[in-house]
Structure formats: structure tokens, C-alpha cells
Amino acid sequence: MVVVIYVVFLISNIGIEYIPIEDPSILKSVLQFGFNCILAWISYLLVRTFKLTNDRLLTSKITNIWLAILGIILVLFLLIVINIPKNTEDIFSGGLNLLVNSFFGAIAAAVFEEFLVRLLAFSSFLEIFKKNKYSLVFASIASSFLFGVLHISNLTTQSFEATMQQIFYATVLGLCFSVIRIRFNGLKYVIFLHFLIDFQPTIIDKGIAASSWEQIFLVFIPIAIVSIICLIQLNKDNKNLNYLF
């Protein structure tokens with residue numbers, strides 16, 4: 001169902017692009033957001049809960065330390081790499097058209113992708129691995145890799161190298177998103193973080209340019225390492241959880 005929903009999403013993108021309205025258009029962004037919400041709702045109906053469990057999630061002192069480290073890394077990532085203050089300033093100074101398109105583009109991607117991957121796909125992988133003692137870790141890695149691979153569809157609008165880089169760092173961010181999804185037993189904080197990352201003027205562009213692999217590794221390897229450590233710790237702290245699916 002994850003694949004089917006994603007294919008429908010791609011088809012809807014193509015269909016909306018062929019609507020004879022000047023591009024970029026506010027109407028297209030709103031239409032895509034509406035369609036993404038429908039697909040997100042379908043993903044929810046297949047799981048019927050945002051929670052992993054009704055039990056209280058436990059975090060040991062060492063886990064809280066690693067979560068704090070990940071939080072600090074994320075703040076630095078948002079402020080320095082993503083540069084949220086500059087993105088926000090550029091968007092608000094770029095006129096109503098840019099503001100609306102950037103907002104709906106970011107929120108549409110955040111809602112759809114998190115419902116599809118961190119809800120439906122994660123729940124499915126957790127069902128597969130639930131008898132394994134590292135079920136949360138394996139479900140997080142598998143769903144994060146899927147999250148990265150889904151970006152291969154961008155090959156139609158950008159270079160092969162740029163797409164491979166996007167697959168890599170989307171997978172890493174997926175690990176980080178999984179930590180937040182597990183720690184807070186829901187999606188709202190993950191969706192908000194995803195929105196912050198995507199809320200930039202370039203989201204309405206057709207593709208991204210490749211960066212140097214050295215820069216990519218320098219930024220994302222620390223995020224990957226700390227995220228995996230957090231996942232392992234959360235798994236150890238909550239090894240006896242009763243999942244809702």
C-alpha cells in the first residue's frame with residue numbers, strides 16, 4: 001500500500017502540472033496540498049492510530065543524554081545548514097506568491113511523507129520485526145531507507161549525483177525523524193520539523209544541484225551516528241512495549 005499510495009502521489013503531481021495555469025501558481029500548490037492530505041488520511045486509515053503504544057515510553061539517564069545531544073545537533077543543523085532565519089526572511093520578503101507556494105509546498109511534503117513513511121511504513125516494518133529484540137531499530141532503519149529511496153523519483157528533474165545525495169541525506173534524516181516519532185509516540189513534532197526543513201524558497205524549484213560529498217558526509221554522518229545510538233537506547237529502555245498493531 002505504501003508503494004501504491006506513492007505511485008498515486010506521483011501521478012497526481014504530473015496531473016496537476018498539466019493544469020493550464022501559469023507556473024508557479026498558488027492554485028497548484030493548494031491542490032497538491034489537498035490531494036496530499038487525502039493520501040495521508042488513507043495512510044492513517046490503514047493504521048488507525050498515531051501511537052506506537054498506550055504504555056508510557058521510558059528513557060534512562062544515558063538515553064536522555066543522547067537525546068539532548070541529538071537535539072543540540074538538530075538545532076545547529078536548522079540554524080547553520082538549513083539557515084531557517086534567512087529562509088524565512090527571503091520567503092516573507094519575496095511576495096505573497098512565494099510565501100503561499102513555499103508554505104503549501106513544505107506542509108504538503110511534511111504531512112504526506114510523514115503519514116506515508118513514519119506512520120504507515122514504520123508501522124508495517126514494526127509488525128515485521130516485532131519479535132526481534134531490536135524491533136524499533138530495524139523498523140526505523142528500514143523505513144528510513146525507504147524514505148530515502150522514494151526520492152529516486154526526482155531523477156526526472158535533477159542530476160543523478162544530486163539524487164543519490166538526496167537519497168543519502170533523506171535516509172539519515174529519516175533516522176532522526178524516527179527517533180522523534182518514537183520518543184514522543186506520535187507524528188506532530190516530526191511533521192513540524194519536516195516542515196521547518198522544507199520551508200525555503202527553493203522548494204518550488206524543479207530540482208536541486210549536487211554538493212560535494214565531503215560536505216554531505218561532514219553534516220549528516222554525525223546525525224546518523226547519534227540517531228542510531230538514540231534508537232538503540234530507546235529500544236533497550238522499552239523492550240517490553242505492547243504495540244498497538
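See the structure shown above.
About the cut-offs
Along each chain, the written sequence defines residue order, and numbers are assigned to residues from 1. Only residues with pLDDT of 70 or above have their local features reported here, since the model is predicted, and side-chain atom pairs are shown and tallied only from 80 upward, although totals for entire chains, interfaces and linings are computed over all residues. The basis for the side-chain values is all heavy atoms of the structure; hydrogens and waters are excluded. Each helix is a run of DSSP H or I of at least 4 residues and each strand a run of E of at least 2, with the numbering of both proceeding from the N terminus. Taken over C-alpha atoms, the radius of gyration is set against a globule rule of 2.2 Å times the number of residues to the power 0.38. Only protein chains enter the accessibility calculation, which uses a 1.4 Å probe. A residue is then buried if its area is under 20% of the maximum for its type, exposed if over 50%, and partly exposed in between. Residues are treated as being in contact if the distance between any of their heavy atoms lies within 4.5 Å. The residues that make up patches have over 30% relative accessible area and no salt bridge, and they are joined within 9 Å when like-charged or within 5 Å when they are Val, Leu, Ile, Met, Phe, Trp or Tyr. All accessible areas in this document rest on Shrake-Rupley with a 1.4 Å probe, and a residue is counted as covered only by the protein chains that are shown. One speaks of a salt bridge when a side-chain nitrogen belonging to Lys or Arg is within 4 Å of a carboxyl oxygen belonging to Asp or Glu. Buried residues of nine kinds, namely Ala, Val, Leu, Ile, Met, Phe, Trp, Tyr and Cys, make up a nonpolar core once their side-chain atoms join them within 4.5 Å. Angles shown run from 0 to 180 degrees and are taken between the N-to-C directions of axes, each axis being a line fitted to C-alpha atoms and, for helices, limited to the stretch in contact. The classification used treats Ala, Val, Leu, Ile, Met, Phe, Trp, Tyr, Cys and Pro as nonpolar, Asp, Glu, Lys and Arg as charged, and all other residues, Gly among them, as polar. Criterion for a disulfide: a pair of cysteine sulfur atoms within 2.5 Å. Angle categories are assigned with fixed cut-offs, so that under 35 degrees is roughly parallel, over 145 is roughly antiparallel, 65 to 115 is roughly perpendicular, and the rest are oblique. Here is the rule for handedness: rotate from the far helix to the near one, and if that takes an anticlockwise turn smaller than a right angle the crossing is left-handed, while a clockwise turn gives right-handed. Here the expected span of a helix is defined as 1.5 Å times the quantity of residues minus one. What the arc covers is the set of directions going from the helix axis to the C-beta atoms.

Colleague: What is the right way to read the overall build of the chain from this model?
Modeller: Within the chain one finds nine helices and zero strands. Walking the chain from its N terminus toward its C terminus, one meets helices and strands in the order α-α-α-α-α-α-α-α-α. Against the 2.2 N^0.38 benchmark of 18 Å for 245 residues, the chain shows a C-alpha radius of gyration of 18 Å, consistent with a compact globule. Looking at the chain residue by residue over its 245 residues, the buried ones come to 45%. Within the chain, residue pairs in contact and separated by at least 24 positions form 81% of the contacts whose partners lie at least 6 positions apart.

Colleague: I keep staring at a nonpolar patch on the surface and nothing clicks. Help me out?
Modeller: A cluster of nonpolar residues, Met-1, Val-4, Val-8, Ile-38, Ile-42 and Leu-46, forms a patch on the protein surface that exposes about 510 Å² of accessible area. Mapped by element, the contributors of at least two residues to the nonpolar patch are helix H1 (2-17) and helix H2 (26-47). The greatest single-element share of the nonpolar patch, amounting to three residues, is contributed by H2. Mapped onto the elements, Met-1 comes out in the segment before H1. For Met-1, a relative accessible area of 54% puts it in the exposed group.

Colleague: What exactly am I supposed to notice about the nonpolar core here?
Modeller: It is characteristic of soluble globular proteins that their nonpolar side chains tend to be buried jointly. Counting residues in hydrophobic clusters, the biggest one holds 63 residues, and the most contacted among them are Phe-77, Phe-115, Leu-116, Ile-197 and Phe-220. Here this core takes 13 residues from helix H5 (residues 96-129), the largest share from any one element.

Colleague: Looking at this model, I keep getting lost on the side chain of Ser-140. Mind explaining?
Modeller: Inspection of the secondary structure assignment puts Ser-140 in helix H6 (residues 135-149). Beyond its immediate sequence surroundings of up to four residues, Ser-140 is in contact with Phe-122, Leu-175, Ser-178, Ile-182 and Leu-231.

Colleague: When you look at the packing of H6 against helix H9 (residues 213-237) in this model, what are you seeing that I'm missing?
Modeller: The packing of two helices is summarised by the inter-axis angle and the distance between the axes. Relative orientation of the contacting elements H6 and H9 amounts to 145°, with a least axis distance of 8 Å. Contact residues: Ser-135, Leu-136, Val-137 and Ser-140 in H6; Leu-231, Ile-232, Leu-234 and Asn-235 in H9. Considered class by class, the residues forming the contact of H6 with H9 number five nonpolar, three polar and no charged.

Colleague: Looking at this model, I keep getting lost on the state of the cysteines. Mind explaining?
Modeller: Linking two cysteines covalently through their sulfur atoms gives a disulfide. Applying the stated criterion across every chain yields a total of zero disulfides. Cys-230 forms no disulfide, and the closest cysteine sulfur to it belongs to Cys-176, at a distance of 8.3 Å.

Colleague: What's the story with the packing of helix H3 (residues 61-81) against helix H7 (residues 160-183) in this structure? I'm lost.
Modeller: At their nearest, the axes of H3 and H7 sit 12 Å apart, and the two run at 130° to each other. When the axes of H3 and H7 are compared, the pair comes out oblique. The hand of the H3/H7 crossing is left-handed. Seen from H3, the contacting residues are Leu-67, Leu-70, Leu-74 and Phe-77; seen from H7, they are Leu-173, Cys-176, Val-179, Ile-180 and Arg-183. Along the lines of polarity and charge, the residues of the contact of H3 with H7 split into eight nonpolar, no polar and one charged.

Colleague: What is the right way to read unusual backbone geometry from this model?
Modeller: Glycine aside, residues mostly have negative phi, and peptide bonds are mostly found in the trans state. Its identity as a non-glycine residue notwithstanding, Arg-48 has a phi of 70°, on the positive side. Take Arg-48: it is sitting in the loop between H2 and H3. A positive phi angle, close to 55°, is found at Asn-185, a residue other than glycine. Here Asn-185 lies in the loop between H7 and helix H8 (188-198).

Colleague: Can you help me understand H2 in this one?
Modeller: The periodicity of an α-helix, 3.6 residues per turn, causes residues three or four places apart in sequence to face the same way. End to end, H2 covers 32 Å across 22 residues, agreeing with the expected 32 Å (1.5 Å per residue, within 8%). Here H2 has its buried residues at Lys-28, Ser-29, Gln-32, Asn-36, Leu-39, Ala-40, Ser-43, Tyr-44 and Val-47. Take H2 and look down its axis: the buried residues cluster within an arc of 150°, on one side only. If you follow the buried residues of H2, they end up packed against H1 and H5.

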